[in-house]
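Residue-level listing of the chains:
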Amino acid sequence: MNQEVNVVSYYFSNSRCFPRTVEVANKELNFVENGLRCLVKHGQEITQIFNMSDGQKLYRLSFEPGARTWKLLGSRPL
């Protein structure tokens, strides 16, 4: 997929920020479960990877702080 998305709202858990709602292809995705977050380092760059669920599908998103862009990397049924 690797599609850029707009994060509409966030939530905080254990002092960490997670996306709550994203817009992709004129559709809103609302995540209902606590997500998982990991950091991936490529040289000097750090990318945050999030695994989030809307209750029906699992979504993988990435955030690159330097570029300030969110991308939907893919999804699959639960």
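Before reading on, note that the structure itself is shown above.
Parameters and conventions
Residues numbered from 1 in each chain as written. Predicted model: local features only at pLDDT ≥ 70, side-chain atom pairs only at ≥ 80, totals over all residues. Heavy atoms only, no water. Helix = DSSP H or I, 4+ residues; strand = E, 2+ residues; numbered from the N terminus. Rg over C-alpha atoms; globule rule 2.2 N^0.38 Å. Buried < 20%, exposed > 50% of the residue type's maximum accessible area, 1.4 Å probe, protein only. Contact = heavy atoms within 4.5 Å. Areas by Shrake-Rupley, 256 points an atom, 1.4 Å probe, with all protein chains shown as cover. Pairing = 2+ DSSP bridges. Axes fitted to C-alpha atoms, helices over the stretch in contact; angles between N-to-C directions.

Caption draft 1: Spatial organisation of the overall build of the protein. The number of helices and strands found in the protein is zero helices and seven strands. Traced from its N-terminal end to its C-terminal end, the protein shows the element sequence β-β-β-β-β-β-β. Whereas a compact globule of 78 residues would reach a radius of gyration of roughly 12 Å, the protein reaches 12 Å, a difference of no more than 12%. Projected onto the principal axes, the alpha-carbon positions of the protein cover approximately 35 × 30 × 20 Å. A burial count over the protein gives 33% of its 78 residues as buried. Contacts in the protein between residues far apart in sequence, at least 24 positions, make up 23% of those at least 6 positions apart. Carbon and sulfur atoms make up 45% of the accessible area of the protein, which totals about 5,300 Å².

Caption draft 2: Fine view of the sheet that holds strand S4 (residues 36-42). Strand order in the open sheet formed by seven strands is S3-S2-S1-S7-S6-S5-S4, and the pairing between neighbours is antiparallel. A single partner strand is all that each edge strand has here, and the edge strands are strand S3 (27-30) and S4. Ignoring which end each strand starts from, the neighbouring axes of this sheet average 35 degrees apart. Pairing geometry for strand S1 (residues 3-13) and strand S7 (residues 69-77), over three bridges, is antiparallel. Bridged to Val5 within S7 is Trp70.

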